[in-house]
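One-letter residues, chain by chain:
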Amino acid sequence: MATARQIGEVIIDLRNISLRFGGVKALTDISFDVREHEIRAIIGPNGAGKSSMLNVINGVYRPQEGEIVLRGRHHRDMNTHAAARAGIARTFQNIALFRGMTVLDNIMTGRNLKMKSSFLLQALYWGPAQREELAHRRKVEEIIDFLEIEHIRKTPVGRLPYGLQKRVELGRALAAEPSILLLDEPMAGMNVEEKQDMCRFILDVNDQLGTTIVLIEHDMGVVMDISDRVVVLDYGRTIADGTPDEVRGNQDVIDAYLGVAH
Amino acid sequence: MLYREAGQFKATYVEDSQIFPIRQDKVGMALILVVAFAGIPLLSLTGLMTDYFFTAILTPFLIFALATLGLNILTGYAGQLSLGTAAFMAVGAFASYNFILRVDGMPILAAFALGGLCAAAVGIVFGLPSMRVRGFYLAAATLATQFFVVWILTKIGWFTNYSSSGVITAQKIEMFGYTFDSALSKYLFVLAIVALLALLAKNMVRSNVGRSWMAIRDMDMAAEVIGFRPLRTKLLAFAVSSFYCGVAGALFAYAYLGTVEPEGFSLDLSFRILFMVIIGGVGSILGSFFGAAFIVLVPIGLNILTGFLENSAGISLPSGISSSIELMVFGAMIIFFLIVEPHGLARLWQIGKEKLRLWPFPH
Amino acid sequence: MQFFLEVLIGGLLSGVMYSLVALGFVLIYKASGVFNFAQGAMVFFAALTTVGLVDMGMPLWLAALLTMAAMVLLGLLTEKFVLRPLVAQHEITLFMATIGLTFFVEGLAQAIWGANVRALDLGIEDVPLEWMLENANMAISQFDLIASAIAAVLVTALAVFFTRTRIGRALRAVADDHQAALSVGIPLHHIWAIVWAVAGFLALVAGLLWGARNGVQFALTFVVLKALPVLILGGFTSVPGAIVGGLIIGASEKLAEVYIGPHFGGGIEGWFPYVLALLFLIVRPEGLFGEKIIRRI
């Protein structure tokens, strides 16, 4: 699927990343890069280390070896707060919404880094604090419109069906107006129609806002359709990297997915 | 048919984000405030309400509601279980006492606020373990607060102005030359403070700070990833919560008991306030008031019941039985609520309102 | 030096008793993920029931036996009416439920037996051991020694029971994963019933020993507050942790009271174990023997 957007310079460069939990190697010497405005997919069988990779990018996990170059700046590892400030937002494989809060409040949390009112002004809910709250509310309502979830905005998230929760989680990530969006299986467990909706949202975000997207997804059809480049992991190693067409023909990839007699 | 929002449209976000978006709720709240501030005092002038209502029911109810509100901010909103509520109340009470005692011309409200701030500072110190531990490890840490604070207030004579028994007598509540010494005036004094602090709490929980607390409570990892700072968020919750408890403690000493000792702020009091949170509704401002009312009224109800059994029905009960029964009732109620309605009376109230909205139709 | 040893041994002996109570917590926590705050109330209930029956003219052994039956019944009722309806709830909810249970059991005990302090005589005198007094010039209480010997035997027996027997294995399976244990045919409710019964038994023993020493009174419920720092130190899931933690807390609190206490006006026993445990927590949040928790998302 061709889009008019211009793919830019390398924005995230991951170099020789290795991550261990005790004796278990989750990632071994992985290197790949992400360019500005592109949709970059990470694929691989279960347990290949895809989610760990996202966790390294936004600082949930700290790799023992390697470095992360973000917009030309070298980091030994990231931390979650710095990553959020640097414009990295993400969704999670097992939805990590705030279950006791409404859809509206959940998405509002996404804007927390942009809120400047002091705590005391918030307690008074007066003047600048109220104006700020309402300005952000306006922004959040735009996202709610975009994701077509107006009807559930005051529903507690815990009561929503799975597909809608995934959508709300995307909304929370978008609320931060990120430059880089990490999506961990955004379409897992969805039916065809829901998947189409989600694809449309992702492509629109990428196309209209120019957001760089790093995507983990199991549905090969989707991955091959929407991504610009694909990196394939297996047992914590990179086994292929390239355009969807290149990856599709790669023998290692076929073996990894279909299994091969060793 | 009376309780319906049909026809009330919200055209702006200002209108939509009010505390009571539905007109009937607004009217209801206004009525409650009018009754609380004017109706009840007028009634007492007619002699229908004796001092007993103020000293034994209304004033303690309001003070406990404030402490419950404080604990609810920490436990209900920020998800950090605390068993040290009474300790923060003690800090507030004894700090206020010393400010008034040692600083000439210290205005009473300023002393209460400073007492609250001292409690907040203690709250921050004892909230530091929340950096590393959660769940009941943290609860155990707050137990340390409970024992440590009571111990230090007992051991260091300065805090109690070297009173040999450790008991302090709270100074008179005086403002602008007026002394609040009647039961009614103390009630109004407490009511004004509690109403103001409840409004501030409501504002906090509907703003970014409240969302940060709930985010940490619901999914701390995700909250961190979207930019909330966990430690700062938790410590702010500890500080605000302890401030509320501290002010409640000061009122407890000044407007309710008059004389207090450190041991009065026992673990048992902490538990009772936790019960108020559970029964009223975890994570609900309104629920804090329900819970406090419930726990204040149950012992009174039980006393009336046992009194009735003994006097009218002629059943003689062993002495001290009513306090044992009180313990059993509290315990059973807690278990009952946790099983049947974990969101407490506040949730029942909400369900009731939803039913009322549809009435007379079943759905 | 002799005085130091005397204090140390006295502390270790009371530490064994803390271990005994802490073990009751660990058992229930391992099997059902419930931090049973009511353990202290159970100790109180058991002691009060026994002493109440003795005061009614029953021999001690019969009273203890009947109390045991009552404890088992209490455990079964708790399992059925408190824990079963709350299964799969958040552990904090369960914890709060056990605080409710604490109040209920305390109220129940006092409603039945009254709130007076009662004396319990087990026939062991609380006098210094003569042999130690003569040979080492140390005053070690005979009662403490026998009580901790009983506690030590019990603790060892339980440790063996839960590591070597079928029920023990089933228990550990349940602790690891309820669903998985159910799916391989382990009867969950039976296991829970057994665990609560054993915890009731531990409460009975602790109640008798403690009650005989300090009198059967409401203060017995506070043993739960002694056991908490032990658990923090040892980890909530570790049997050896409960034992070692108990000894450390027992010894250090007595030493602190004797050597540091006077500088602060005494009475630091109440909070010292907590501060010790907290400092420890900051260094090692999972406790001495607890497993390291990896947070996943």
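First things first, this report covers the structure right here in the doc. (Residues numbered from 1 in each chain as written. Chains lettered and ligands numbered in written order. Predicted model: local features only at pLDDT ≥ 70, side-chain atom pairs only at ≥ 80, totals over all residues. Heavy atoms only, no water.)

Turning our eyes to something else, we now look at the overall build of chain A. Helix and strand content of chain A: ten helices and ten strands. In summary, chain A has a C-alpha radius of gyration of 19 Å against a globular reference of 18 Å for 262 residues, a match within 12%. When its C-alpha atoms are laid out on the principal axes, chain A stretches across 65 × 40 × 40 Å. Split into buried and exposed, the 262 residues of chain A put 57% on the buried side. For chain A, the share of sequence-separated contacts (at least 6 apart) that also reach a separation of at least 24 residues comes to 67%. When the accessible area of chain A is evaluated, it comes to approximately 11300 Å², of which 49% is carbon and sulfur surface. Each charge class in chain A can be summarised by its mean position, and for the 32 positive and 36 negative side chains these summaries are 7 Å apart. (Helix = DSSP H or I, 4+ residues; strand = E, 2+ residues; numbered from the N terminus. Rg over C-alpha atoms; globule rule 2.2 N^0.38 Å. Buried < 20%, exposed > 50% of the residue type's maximum accessible area, 1.4 Å probe, protein only. Contact = heavy atoms within 4.5 Å. Areas by Shrake-Rupley, 256 points an atom, 1.4 Å probe, with all protein chains shown as cover. Lys, Arg positive; Asp, Glu negative; His and termini not counted. Charge placed at Lys NZ, Arg CZ, Asp CG, Glu CD.)

Residues and elements named next belong to chain A. The buried fraction of strand 7 (residues 180-184) amounts to five of the five residues, a majority that puts the element mostly inside the structure. Side-chain alternation along strand 7 places Ile-180, Leu-182 and Asp-184 on one buried face and Leu-181 and Leu-183 on a second face that is also buried. Both strand 6 (residues 88-90) and strand 7 contribute to a ladder of three bridges, which runs parallel. The partner of Ala-89 across the bridge, within strand 7, is Leu-181. Sheet topology note: the strand 7/strand 8 (residues 212-216) ladder contains five bridges and is parallel. Each bridged residue has a counterpart across the sheet, and for Asp-184 the counterpart in strand 8 is Ile-216. For the crossover from strand 7 across helix 7 (residues 192-209) to strand 8, the handedness is right-handed. (Pairing = 2+ DSSP bridges. Right-handed = clockwise from strand over helix to strand, strands pointing away.)

Time to look at the state of the cysteines. Residues and elements named next belong to chain B. One pass over the structure, following the stated rule, counts zero disulfides over all chains. Cys-118 takes part in no disulfide bond, and the closest cysteine sulfur to it belongs to Cys-245, at a distance of 15 Å. Looking at Cys-118, the relative accessible area reads 27%, which means it is partly exposed. (Disulfide = S-S within 2.5 Å.)

For the rest of this paragraph, the subject is the nonpolar core. By size, the foremost hydrophobic cluster in this structure holds 246 residues, and its most contacted members are Tyr-244 and Phe-265 of chain B together with Phe-35 of chain C. Those residues within four positions of Phe-265 of chain B in sequence are excluded, and the remaining contacts are Ala-86, Met-89, Ala-90, Ala-93, Phe-94, Gln-146, Val-150, Gly-249, Phe-252 and Val-260 of chain B. Within the second largest apolar cluster, 37 residues are counted, among which are Val-140, Ile-143, Met-190 and Ile-202 of chain A. (Core = buried A, V, L, I, M, F, W, Y, C linked by side-chain atoms within 4.5 Å.)

Together, Arg-85, Lys-114 and Lys-116 of chain A together with Arg-229 and Arg-232 of chain B make up a region of like positive charge exposed at the surface. Summarising the element assignment, Arg-232 of chain B is placed in helix 10 (residues 230-257). (Patch = residues over 30% accessible without salt bridge, like charges linked within 9 Å, V, L, I, M, F, W, Y side chains within 5 Å. Salt bridge = Lys/Arg side-chain N within 4 Å of Asp/Glu carboxyl O.)

With that out of the way, let us pick up the side chain of Ser-207 of chain B. With respect to the element layout, Ser-207 of chain B can be found in the loop between helix 7 (183-205) and helix 8 (208-218). According to the relative accessible area criterion, Ser-207 of chain B is buried, its value standing at 1%. Every residue in contact with Ser-207 of chain B, bar those within four places of it in the chain, is listed here: Gln-122, Tyr-125 and Glu-133 of chain A.

Residues and elements named next belong to chain A. Pairing within the open sheet is antiparallel, and its four strands lie in the order 2-1-4-5. A single partner strand is all that each edge strand has here, and the edge strands are strand 2 (24-35) and strand 5 (73-75). Pairs of neighbouring strands in the sheet enclose a mean axial angle of 20°, with direction left out of account. Taken together, the five bridges between strand 1 (residues 10-21) and strand 4 (residues 65-70) define a ladder with antiparallel strand orientation. Residue pairing across strands places Arg-15 opposite Glu-67, the latter belonging to strand 4. (Axes fitted to C-alpha atoms, helices over the stretch in contact; angles between N-to-C directions.)

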